[in-house]
Every structure is written in C-alpha cells, then in structure tokens.
Amino acid sequence: MFMTFSREKWREGGLLLPILLFLCIFFLIPLAGLLLRSLTEPTFGMQNFEQLLATSTYVQVLSNTFLVAALVTVISLVLGFPLAWCITLAPRGWGRWLLSIILLSMWTSLLARTYSWLVLLQTSGVINKVLMSIGLIDQPITMVHNLTGVIIGMSYIMIPFVVLPLQACMAAIDPMVLQAASICGAPARTVFFRVFLPLCKPGLFSGALMVFVMSLGYYVTPALLGGVQNMMLPEFIVQQIQTFLNWGLASASAALLIILTIVMFYFYLKVQTDSPVSTNTGA
Amino acid sequence: MMLLSQGSMGWKLKSSLYVITGAIAAFLALPIFFIVALSFGSSRWLVFPPPAWTLKWYEKFFENPQWMESAMTSLKVALLTSIIATLIAMPASFALVRGKFKGRDYLYSLFTLPMIVPVVIIAVAVYGVFLNLGLTGTLFAFVVSHVIVALPFAVISIINSLRLFDKSIEDAAVICGASRLQAIIKVTFPVIKPGIFAGALFAFLVSWDEVVISVMMASPELQTLPVKMWSTLRQDLTPVIAVASTLLILLSLFIMTAASIARRYSNR
C-alpha cells in the first residue's frame, strides 16, 4: 500500500518468476513435448491415434481402464457413504477417531499398502485362509494378478476420497429439513430417498468424479495387483516406452489420458462451485 | 425420525449402520496393522499369524547396504525437494495472496496443475527430456521431478496460512518505521511459520513416498527406497519389504502428526 503501482507490479513479477520458470522448464515444456510427440513420431500425422483406436488390444486397454475406474467409483461410493454418514452422526470423539483412521490410511505409503494387499490376497494368504476356515469356499480363490485384485486394492485407496467431500456435504445439511419431512408424514425410507440422498448429491458427485479421474491415471496399484490380461492405460504407457521404445503410441495414449482427466476435472470444478456446500461454508 | 441425529434413529438402522461402518473402518486399517505385524513375524513365507516374533528382518534390512543406501537417497531427495519446493512456493504465494493483478485464479490453477495431471504422465514427460539430456539416474533428476509434484502441496499450505494472516499488522509495523522486508521477516513470517512448516512437511512426504516418477528416474547406482521396494517386489514378497513398509508408515505417521500440530498452532 505504500508503493507506487508500477513498482508493486514489478515486485509481483519477481516473486512469481521462480515458480513460473521452474514449471515452464520442467513441467509445461516436457508436457508439451510429449503431446507433440504423439503427432510427430515416427512421422507427422494422426497415425498414432488411429492405431490406438483401431487395434483391438489397445482398445481392450482403453475399455479396461474405463471398466476399472467405473467399478472402483461405484464400490467406493457404496462403501464410503455409510462411513461418511456415521462420521456425521457419531459423537465428536468417535467421529474424530473414524476421521483419523481415514487420514492415516490416506497418508500411509501407497507402496506399503499395496504390498500388504498383495500378501493378504495371495492364494496362501490370510483372506483365503479365513474364507476357507469359515467354510465359505473349499478352494483358495485367485484374488491377485487379476481384475479382483485391482478392484479391491483401488477401492480401498479411493474410499477416503469419497468420504471426505461427502462428509463435508452431509455435515452442512440442516437436520430440520429431514425432521420437517417426517413431521409431514413421510416414512423413513421416503425421507432417505426423497430428501436426504438428493441433499447429498453434490458430495456424491464431487467424490465420484474425483475417484474416477484418479482411477484413470493410477499406475502403482494396478501394475502390482493386476494381471497381464487387464492392463490399464498408465501401465500401457510405461510399457510402450520402457519395453517397446514406442514413444509415438505412448504419447498418443498420454494425450488421451490428459484430455480425459482435464475434461473430467472441469466437470468436477463445475459440480463443486454449484454445490450448496461450498456456498454455505464460503469455501 | 431423523436421519441426521442418532438419538432419534431407529435401532435397526442405527445398529446396521454402525456394524457396516466398523467393518469398513477395519478394512481401511487392516493393511497397515497387518504389514507392521508381518515385519516382526518369523516366517519367510509371510504366514499369519506368524509362528514366532523376531527382529531378524529388521537386522537384514539394516545390514544390507543397498537398503540403507536407498533409504539415505530417499532422505536426501526428500529433504532437498522439500526445501526447494518451499523456497519456490513462498514468494509465489505472497504474490498470489497480496497481488491485485488479473488472472490470479489461472495462476493458482497452473501451480496446482501437477496435482491433477496423472503422475504417470508427468513421469513419462520428464523422463523423455532427461533421457535426451543424459540426466536420468542423477540426484538432479530426482529432485527436480519430485519438486514438480510436491509444489502444489507447498503452495496450497502456504497460501492458506497467508490468507488467515491479518495484513494490517504488517502494515502497522511499516507505519512504525520498519521497511516492508523487515516487517515481513519480523512480523509476518513468525506468524505464518507453522503453515510454511506444514507445507514443507507435505512436500517432504510426497517426495518420500513417490514411486512412479522415481522408478523412471532411477539407475542401478541411484535409487530411492520406494524404487528399491518396487524392484524387490517384482522378484518376491520377502518380509524385508514389510520392514521397509513399516519404516515408511512410521515416517508418514510422524510427519502427519507434526503437520497437524503445526496446523493447529497456526490456526490459533
């Protein structure tokens, strides 16, 4: 406030210079280079995209990526909903405990957790043993290096990302609205489906979009828990580069993934700003 | 009958909700407890519950120079990443919070973009450049690529603490005769320090736990702990990985606690 306008402006430029330089040189230019490669390697044209969308194995990878992302989104919504509801309901202390379990699982090393699932789910692993001892199955079922493994491992990772926005949304709902509905004679079921669930919609939407976007781009968990049969896009990209040195095809898939991510994220931001939660809390 | 207060909820609904929640919470906590327990188990084949408890996998971990070296590399990379990310994020946060220029929202989105773009794409893009420059497998490559993904966390944390700070206090110091820089160093900085500290911790944690980029940047000579874990995992499931995992978990827990204490302190 005590400086002339032009000097202030110059100072802001100076403050922003390091981050802008860094991101341009090491992030934006490499990213642009990668996207450009999808059009220029080996020759200029759309051949990489055509190949990607015409070869059945590659289409398989794409559809598998969407299948996994969709399944994981649905499962983490189904499991995350009661958890978020319970945190909202529970007395303060208990709610805190539940939240800290969620935060702990979110911030624990991804690799450590994935390794743990690898061990838990293996044929001679604890889960198979427990299932056999309670008589649910006679023979160990294969739960890793296939779709089941990926779905379990990924849903487990994504639940916190559903619970946190959903819980914030539920906490902002006025209980009086639900009470009003039941005073007017609505049975519990109707209150739930016609009043409570619609009010949770913004939280459900933003959680679901977040999980879907993140699932599309996940590498570590699908690579370790999945099999060759159900490869996902990120693993495909790395494989094309490291094993086949096929930068053109890898870049085309990367471009596809980026476009998908950014489009979905745009919707995510839309949902967020339109939600009653963010206007209520001023966030 | 209200669905948002437990007192008036039907007991059937209430109890089934609590049972389901308990099961899901257990599902979330299970892998963490399991891995810690396994690291102390005696069985090579990861039998659970283990026949006996032992520290031999810890001995194996600490005796093996490769594990120790990769742990030291991780520490070095994470420290450098955290320092550099904080140093770059700090002035930018000042400019974004204090500045009155157009396009601040766009800049904010740009700075947090590395959080949205899938890590695998950042990894591949940076790898392409560093491969051409012959820089893969260097400390420089590790730190630079980690700073990219750690920056958003530092920026968000510092911006949040700066937003909460009342600028008129700093202006008061200037009116009393301090220069703007003195006022920032002596008045503003001590107040927002917990936020900066938390940002640095999160940047550290992001780097410490980063797998995908590190796997691309690594060389046989230089690898971080997650890379060593990754390559070992591809061969077998030895309990030494459980030890490495437990150490990773401990550090995450420690940093998370430190960050939440710093945040509570800054929100006072």
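So, how was this worked out
- Residues numbered from 1 in each chain as written.
- Chains lettered and ligands numbered in written order.
- Predicted model: local features only at pLDDT ≥ 70, side-chain atom pairs only at ≥ 80, totals over all residues.
- Heavy atoms only, no water.
- Helix = DSSP H or I, 4+ residues; strand = E, 2+ residues; numbered from the N terminus.
- Buried < 20%, exposed > 50% of the residue type's maximum accessible area, 1.4 Å probe, protein only.
- Contact = heavy atoms within 4.5 Å.
- Buried area = accessible area lost by both parts, 1.4 Å probe.
- Salt bridge = Lys/Arg side-chain N within 4 Å of Asp/Glu carboxyl O.
- Polar contact = N/O pair within 3.5 Å; in protein donor to acceptor, adjacent residues only side chain to side chain.
- Expected span 1.5 Å × (residues − 1).
- UniProt positions renumbered as here; feature names shortened; annotations may be inferred.
- Phe/Tyr/Trp six-rings, centres within 6.5 Å; stacked < 30°, edge-to-face > 60°.
- Arc of directions from axis to C-beta.
- Lys, Arg positive; Asp, Glu negative; His and termini not counted.
- Axes fitted to C-alpha atoms, helices over the stretch in contact; angles between N-to-C directions.
- Left-handed = near helix turned anticlockwise from the far one by under 90°.
- Nonpolar A, V, L, I, M, F, W, Y, C, P; charged D, E, K, R; others polar.
- Parallel < 35°, antiparallel > 145°, perpendicular 65-115°, else oblique.

### Overview of the environment of V213(A)
All names here are of chain A. Along the chain, V213 turns up in helix α9 (residues 188-216). Of the residues examined, V213 reaches a relative accessible area of 9% and is grouped as buried. Considered as a pair, V213 and A69 are 144 residues apart in the sequence and their alpha carbons are 7.9 Å apart. Residues in contact with V213, not counting those within four places in the same chain, are T261, M264 and F265.

### Observations regarding the interface of chain B and chain A
Listed by partner, the interface residues are 89 residues for chain B and 80 residues for chain A. Taken over both partners, the interface formed by chain B and chain A buries close to 7500 Å², and the fraction arising from carbon and sulfur atoms is 84%. At the boundary of chain B with chain A, the tally comes to 0 salt bridges. Where chain B touches chain A, the interface holds 8 residue pairs in polar contact (both at pLDDT 80 or more).

### A few points about helix α7 (residues 147-171) of chain A
Residue and element names in this part refer to chain A. For α7, spanning 25 residues, the distance from its first C-alpha to its last is 35 Å, which sits close to the expected 36 Å at 1.5 Å a residue. Counting buried positions over the 25 residues of α7 gives 18, a clear majority of the element. Here α7 starts with a cap whose side-chain oxygen sits 3.2 Å from the backbone nitrogen of T148, and that cap is N146.

### Quick word on the UniProt feature "transmembrane region" (unreviewed entry) in chain A
All names here are of chain A. The positions UniProt marks with the feature "transmembrane region" (unreviewed entry) are residues 15-36, 66-87, 94-111, 117-137, 144-164, 176-197, 204-225 and 245-269. The straight-line gap between the two end C-alpha atoms of residues 15-36 is 31 Å; of that span, 100% is helix and 0% is strand. Counting secondary structure, residues 66-87 comes out at 100% helix and 0% strand; the distance between its end C-alpha atoms is 31 Å.

### Describing the packing of aromatic side chains
Counted by the stated rule, this structure contains 26 aromatic pairs over all chains. A centroid spacing of 5.7 Å and a plane angle of 80 degrees characterise the contact between Y156(A) and F27(B), whose relative ring orientation is edge-to-face. With Y156(A) in helix α7 and F27(B) in helix α1 (residues 11-39), this pair bridges two chains. Its relative accessible area of 22% is what places F27(B) among the partly exposed residues. Between F192(A) and F193(A), the ring centres sit 5.0 Å apart and the planes meet at 85 degrees, which makes this aromatic pair edge-to-face.

### Observations concerning helix α4 (residues 92-107) of chain A
For α4(A), which comprises 16 residues, the first-to-last C-alpha distance of 22 Å matches the rise-based estimate of 22 Å (1.5 Å per residue) to within 8%. Taken together, the buried positions of α4(A) are G95(A), L98(A), I102(A) and S105(A). One face of α4(A) carries all of its buried residues, which in axial projection span an arc of 95 degrees. Exposed positions of α4(A) whose direction lies more than 90 degrees from the buried face are R92(A), R96(A) and W97(A). Each element contacted by the buried residues of α4(A) is listed here: α3 (56-89), α5 (110-121) and α7 of chain A together with α1 of chain B.

### Observations regarding the side chain of E210(B)
Residue placement: E210(B) occurs in the loop between α8 (180-209) and α9 (212-217). Lacking a salt bridge, the buried E210(B) has R113(A) as its closest oppositely charged neighbour, with an N-O distance of 12 Å. Beyond its immediate chain neighbours, meaning those up to four positions away, E210(B) contacts V119(B), H146(B) and P226(B).

### Overview of the packing of α3(A) against α4(A)
All names here are of chain A. At a minimum axis distance of 8 Å, the contact between α3 and α4 shows a crossing angle of 145 degrees. The two elements α3 and α4 meet at a crossing, and its hand is left-handed. Seen from α3, the contacting residues are L83, C86 and I87; seen from α4, they are G95, L98, L99 and I102. Partitioning the contact of α3 with α4 into residue classes produces 6 nonpolar, 1 polar and no charged.

### Some thoughts on the packing of α5(A) against α7(A)
Angle between the axes and distance between the axes are the two parameters that describe a pair of packed helices. Residue and element names in this part refer to chain A. For the pair α5 and α7, interaxial distance at closest approach is 11 Å and the crossing angle is 140 degrees. Relative to α7, α5 is oriented oblique. The crossing of α5 and α7 is right-handed. Where α5 abuts α7, its residues L110, R113, W117 and L121 lie against G149, I152, G153, Y156 and I157. Residues that form the contact of α5 with α7 fall into these classes: 6 nonpolar, 2 polar and 1 charged.

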